[in-house]
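Here is what each chain is made of, one letter per residue.
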Amino acid sequence: MSACIIVAQLVMIPVSNLAGRFVNAARKPIFLLGFAILAIRGVLYTLSDNPYFLVSVQILDGIGAGIFGVLSVLMVADLTRFD
């Protein structure tokens, strides 16, 4: 269980940095990519009960969390901005 958490957090850090760099170009496609990755992760969890497989699937969770961590804040800022 702890390996799942650690792997997701270690992947989330560089993905957040990368998402922050590309966020000004296209926010909606990157946000959609995050949703797609989490859907794929959900499907992959049902395929096996092997602990090594499940820990490797947590990489996808780290990618999704990194994207959502950056983009959700920026999307809220866009929606609440007064022009």
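Thresholds, definitions, all that
Residues numbered from 1 in each chain as written. Predicted model: local features only at pLDDT ≥ 70, side-chain atom pairs only at ≥ 80, totals over all residues. Heavy atoms only, no water. Helix = DSSP H or I, 4+ residues; strand = E, 2+ residues; numbered from the N terminus. Contact = heavy atoms within 4.5 Å. Areas by Shrake-Rupley, 256 points an atom, 1.4 Å probe, with all protein chains shown as cover. Lys, Arg positive; Asp, Glu negative; His and termini not counted. Charge placed at Lys NZ, Arg CZ, Asp CG, Glu CD. Phe/Tyr/Trp six-rings, centres within 6.5 Å; stacked < 30°, edge-to-face > 60°. Buried < 20%, exposed > 50% of the residue type's maximum accessible area, 1.4 Å probe, protein only. Axes fitted to C-alpha atoms, helices over the stretch in contact; angles between N-to-C directions. Left-handed = near helix turned anticlockwise from the far one by under 90°. Nonpolar A, V, L, I, M, F, W, Y, C, P; charged D, E, K, R; others polar.

1. A word on the overall build of the protein
Across its full length, the protein carries three helices and zero strands. Traced from its N-terminal end to its C-terminal end, the protein shows the element sequence α-α-α. The principal-axis extents of the C-alpha atoms in the protein amount to approximately 50 × 20 × 20 Å. Taking the intrachain contacts of the protein between residues at least 6 apart in sequence as the baseline, contacts between residues at least 24 apart amount to 74%. Total accessible area on the protein stands at roughly 5600 Å², and carbon and sulfur atoms take up 72% of it. Distance between charge centres in the protein, computed from 5 positive and 4 negative side chains, equals 9 Å.

2. What to know about the packing of aromatic side chains
To describe a pair of aromatic rings, one takes the distance between the centres and the angle between the planes. Taken as a whole and assessed by the stated rule, the structure comprises three aromatic pairs. Between F31 and F68, the aromatic rings sit 5.3 Å apart at their centres with planes inclined by 90°, giving edge-to-face as the arrangement. In this pair, F31 sits in helix α2 (residues 27–45) while F68 sits in helix α3 (residues 51–80), placing the two residues 37 residues apart along the sequence. Owing to a relative accessible area of 18%, F31 belongs among the buried residues under this scheme. Ring centres of F35 and F68 lie 4.9 Å apart, and the angle between their planes is 55°; on these two criteria the pair is classed as tilted. On the criterion of sequence distance, the pair formed by F35 in helix α2 and F68 in helix α3 is long-range, its members being 33 residues apart. Take F35: its relative accessible area is 47%, and that puts it in the partly exposed class.

3. What about the packing of helix α1 (residues 2–22) against α3?
Packing of α1 against α3 leaves a shortest axis separation of 7 Å and a crossing angle of 40°. The handedness of the crossing between α1 and α3 comes out as right-handed. Two secondary-structure elements touch here, α1 through A3, C4, V7, A8, V11, M12, V15, S16, A19 and G20 and α3 through L54, V55, Q58, I59, D61, G62, I63, A65, G66, I67 and V70. Residues belonging to the contact of α1 with α3 are distributed by class as follows: 15 nonpolar, five polar and one charged.

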